[in-house]
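# Residue-level structural notes
Residue strings, one per chain:
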Amino acid sequence: MQPNSTQVKLILLALVLALLAGCSKPAPTAPPPSAAPTEPPPTAAPTEPSAPPTEEAHPVSSNAVATLTDVKKAVVHIMAEGSFVDPEFGMQMDAAGTGSGFIIDPSGLAVTNNHVVTGAALLRVWVGGERNPRNARILGVSECSDLAVIKIEGDDFSYLEWYDGEVTPGLEVYAAGYVLGETEYSLTRGIVSKERADGESDWASVNFVIEHDAQLNPGNSGGPLVTKDGQVVAVNYASRVNSNQSYAIGRSEAESVIGRLSAGEDVNSIGVNGQVMADGDVTGVWVASVKSGSPADKAGLRSGDFILSMEGLTLGRDGTMADYCDILRSHGPQDTLGIEVLRYATGELLEGQINGRELTVRASIIPEVSEDVTLEDAPGYTNYVGLEDDTGALYVEVPAAWHEVDGSVMLSDDGQVIAASIVASPDIASYEDTYADPGVQFIASRVLGEVYDIDSLLDELGFEECSYDGRYDYEDSMYTGKYDLYVECAGEDIAAIIVAAEPPERDYVIVVIIQVTTEADLEAAERILNTFQVIGNVP
């Protein structure tokens, strides 16, 4: 019997045994998932207590609102018009969405939510119940904080100031805005129920969120949560159905972000109105609309695109924007970020960079492989599953029919960790000992990267019962290396692909060994090569 996956593994063990050093087994962490907020049931109608203005730490302008009754003067009704792509209903042309906002400066600067305005062709804004709309333009947005600042045409506006007292459970608050697409001003009363709530959702990742029970309805998004004296406690952005829970972005996050947005800066944004979604086992960020001139626009992202990964990390695995926003918060606005995108309109898989290369159809080695191999025809796999190894370092998607999985690490005889590894096949024993069953082994190792370069590693890995077709260059958005192709394994119409590659930092090496017995397996190989990635610490 010639070398196969098991024998390859043994060869690697023998070659690196003398060079092993102690390695730790990582235990990756992930942000906890949370339910996507929706609207709660009705609460009691508010009253409007009259109370003297609270004492201010600085002089109050004549335009600064000081009573609950006058809050209406500074609250705005926003209609955002444009075209966007809905994942269920497709392209929505010349559609209009509504939300609320509030003025923070007499010059007409106003705060609202990013999801209310980003991607809109134009904004119409009604101030304080005016009959005729005013034009407004977007100055800056934050996708992750779900905030935006707009400049309303005109000046000498009434405006709201921030509440500088302590926000604790029991504080009486009021949610102001224009709901359900109506032009009538709405005010509901409640109390703060939590001073710090979970801010993870499928469209934002807010660090400081207040939970309250003042009723929010569609249209309240972007409106203020105010005290009985008309001061802003937080910015409303979400609620949950049938739980009497509403959520607002707290001052500690909002005020600092709003200052940057007012200066024309986008914060933690690439320029999309996005939402995490899942298509079977595939997750990512659905792009409903794209802001013209933004980094996303310049990269070639379009409405209806599905961002699968950023910087090699699969997005939306926990159902929230947490990973997406953690990546943006870990980089500057001009940093280059690799992205992989599924374009549903064409079925194309694209790769490119934010602040770098424009999106292009991802190069695939499979068409080249298919020209050199003859395989038995078979129906394609209909279901795929995402797998992680036992350490949480590796991720790959394989056919659900490859139900036998081994995610254990590769160990030396004395128990030292050589590599993170994951094997999947309909029958792992058959895959490892014969050529009868398809399967994959995905390995990542720092140790092997220290011992071998790409060519010498591939030289050590081989299938002597197969005909060697040749060595070819390999490159994707994260890794560069080479692959060897073997055909006519065991004298049958069976092929094997061995990929060895490195990330730009060259601090570890990956090896992907795929055995294919049918045309369906070759399609699976393409899925494997499109989805394998390192998501944690490599031994």
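Here, the structure is the one placed above.
First things first, this report covers the structure right here in the doc. (Residues numbered from 1 in each chain as written. Predicted model: local features only at pLDDT ≥ 70, side-chain atom pairs only at ≥ 80, totals over all residues. Heavy atoms only, no water.)

### Observations concerning the overall build of the protein chain
- Along its length, the protein chain carries ten helices and 30 strands.
- The buried share of the protein chain, reckoned over its 539 residues, is 53%.
- Long-range contacts, defined here as pairs at least 24 residues apart, represent 63% of the contacts in the protein chain between residues at least 6 apart.
- Of the accessible surface of the protein chain, which amounts to about 22200 Å², a share of 47% is contributed by carbon and sulfur atoms. (Helix = DSSP H or I, 4+ residues; strand = E, 2+ residues; numbered from the N terminus. Buried < 20%, exposed > 50% of the residue type's maximum accessible area, 1.4 Å probe, protein only. Contact = heavy atoms within 4.5 Å. Areas by Shrake-Rupley, 256 points an atom, 1.4 Å probe, with all protein chains shown as cover.)

### Details of the side chain of Thr518
- Among the structural elements, Thr518 can be located in the loop between β29 (509–516) and α10 (519–531).
- Excluding its chain neighbours within four sequence positions, the residues that come into contact with Thr518 are Leu375, Glu376 and Ala378.

### Describing a negative patch on the surface
- Together, Glu376, Asp377, Glu488, Glu492 and Asp493 line one region of the surface with negative charge.
- Among the structural elements, Glu492 can be located in the loop between β27 (480–487) and β28 (495–502).
- Glu492 sits in the partly exposed class, given a relative accessible area of 47%. (Patch = residues over 30% accessible without salt bridge, like charges linked within 9 Å, V, L, I, M, F, W, Y side chains within 5 Å. Salt bridge = Lys/Arg side-chain N within 4 Å of Asp/Glu carboxyl O. Lys, Arg positive; Asp, Glu negative; His and termini not counted. Charge placed at Lys NZ, Arg CZ, Asp CG, Glu CD.)

### With respect to the pattern of salt bridges
- Inspection of the entire model under this criterion finds 18 salt bridges.
- Measuring nitrogen to oxygen at the nearest pair gives 2.8 Å for the salt bridge that ties Asp305 to Arg343. Residue Asp305 is located in strand β15 (residues 305–310), and its partner Arg343 is located in strand β17 (residues 337–343); the two are separated by 38 residues in the primary sequence. Pair check on accessibility: Asp305 and Arg343 agree, each one buried.
- For the salt bridge of Glu388 with Arg317, the shortest nitrogen-to-oxygen distance reads 3.5 Å. Here Glu388, found in strand β20 (residues 384–388), pairs with Arg317, found in the loop between β16 (313–314) and α5 (322–329); they are 71 residues apart in sequence, far enough to count as distant.

### Quick look at the sheet that holds strand β21 (residues 394–399)
- If you walk across this open sheet you meet the three strands as β20-β21-β30, and the pairing is antiparallel. With one partner strand each, in any of the chains shown, β20 and β30 (533–534) form the two edges of the open sheet.
- Two elements, β21 and β30, share two bridges in a ladder whose sense is antiparallel. Paired with Leu394 across the two strands is Val534, which belongs to β30.
- Helix-sheet contacts for α10 involve β20, β21 and β30, and the interaxial angle to β21 is about 160°. (Pairing = 2+ DSSP bridges. Axes fitted to C-alpha atoms, helices over the stretch in contact; angles between N-to-C directions.)

### Re the state of the cysteines
- In total, this model carries two disulfides according to the counting rule given.
- A sulfur-sulfur separation of 2.2 Å characterises the disulfide bridge that pairs Cys144 with Cys325. The chirality of the disulfide connecting Cys144 with Cys325 is left-handed, given an S-S dihedral of about -100°. You can see Cys144 sitting in the loop between β5 (134–142) and β6 (147–152) and its partner Cys325 sitting in helix α5, a full 181 residues away along the chain. Like Cys144, the residue Cys325 is buried in the burial classification.
- Across the disulfide from Cys466 sits Cys489; the S-S distance is 2.0 Å. Looking along the S-S bond of the Cys466-Cys489 disulfide, the torsion reads about 115°, which is the right-handed sense. Of the two residues, Cys466 sits in the loop between α9 (454–460) and β26 (467–475) while Cys489 sits in the loop between β27 and β28, which places them 23 residues apart along the sequence. No difference in accessibility class separates Cys466 from Cys489, as the two residues are buried.
- In the protein chain, numbering the disulfide-bonded cysteines from first to last in sequence yields the connectivity 1-2, 3-4. (Disulfide = S-S within 2.5 Å.)

### A few points about the pairing of strand β8 (residues 186–197)
- Where strand β7 (residues 172–177) meets β8, six bridges bridge the pair, whose relative direction is antiparallel. The partner of Gly177 across the bridge, within β8, is Ser186.

### Notes on the nonpolar core
- By size, the foremost hydrophobic cluster in this structure holds 53 residues, and its most contacted members are Val71, Ile103, Leu147 and Ile152.
- For this core, the element with the highest residue contribution is β6, accounting for five residues.
- Membership of the second largest hydrophobic core comes to 40 residues, among which are Trp402, Ala420, Tyr483 and Ile514. (Core = buried A, V, L, I, M, F, W, Y, C linked by side-chain atoms within 4.5 Å.)

### Details of α10
- Look at α10: 19 Å from first C-alpha to last across 13 residues, which is about the 18 Å you get at 1.5 Å a residue.
- Inspection of α10 places Ala520, Asp521, Leu522, Ala524, Ala525, Ile528, Leu529, Asn530 and Thr531 among the buried residues, and these make up the whole buried set.
- Taking the backbone nitrogen of Ala520 as reference, a side-chain oxygen 3.3 Å away marks Thr518 as the first, capping residue of α10. (Expected span 1.5 Å × (residues − 1). Polar contact = N/O pair within 3.5 Å; in protein donor to acceptor, adjacent residues only side chain to side chain.)

### Focus: the environment of Leu68
- Assignment of secondary structure puts Leu68 in the loop between α1 (5–16) and β1 (75–86).
- Counting along the chain gives 161 residues from Leu68 to Asp229, while the straight-line C-alpha distance between them is 5.3 Å.

### What about the sheet that holds strand β11 (residues 232–240)?
- Reading around the circumference, β7-β8-β9-β12-β11-β10 is the order of the six strands in this closed barrel, with antiparallel pairing throughout. Strand-to-strand, the axes of this sheet are offset by a mean angle of 45°, without reference to chain direction.
- Pairing analysis gives six bridges linking β11 to strand β12 (residues 245–250), with the strands arranged antiparallel. Along β12, the bridge assignment pairs Arg240 with Gln245.
- The strands that helix α3 (residues 251–262) touches are β11 and β12; relative to β12, the one it contacts most, it runs at about 45°.

### Quick look at unusual backbone geometry
- With phi around 55°, Leu180 is a residue other than glycine that occupies positive phi space.
- With respect to the helices and strands, the residue Leu180 is situated in the loop between β7 and β8.
- Overall, the relative accessible area of 52% leaves Leu180 in the exposed class.
- The backbone phi angle of Asn244 is positive, close to 55°, even though this residue is not glycine.
- Looking at where Asn244 falls in the secondary structure, it is placed in the loop between β11 and β12.
- Judged by its relative accessible area of 33%, Asn244 falls in the partly exposed class.

### A look at the packing of aromatic side chains
- If you walk through the whole model with that rule in mind, you get 14 aromatic pairs.
- Ring geometry for Tyr468 and Tyr486: centres 5.3 Å apart, planes at 50°, overall tilted. With Tyr468 in strand β26 and Tyr486 in strand β27, this residue pair connects regions lying 18 residues apart in the sequence.
- Residue class for Tyr468 comes out partly exposed when judged on its relative accessible area of 44%.
- The exposure class assigned to Tyr486 is buried, which follows from its relative accessible area of 7%.
- Three or more aromatic residues joined by ring pairs form one cluster here, namely Tyr435, Phe463, Tyr468 and Tyr486.
- Over the ring of Tyr384 we find Arg527, and its NZ or CZ is 4.3 Å from the ring centre. (Phe/Tyr/Trp six-rings, centres within 6.5 Å; stacked < 30°, edge-to-face > 60°. Lys NZ or Arg CZ within 6 Å of the ring centre and 35° of its normal.)

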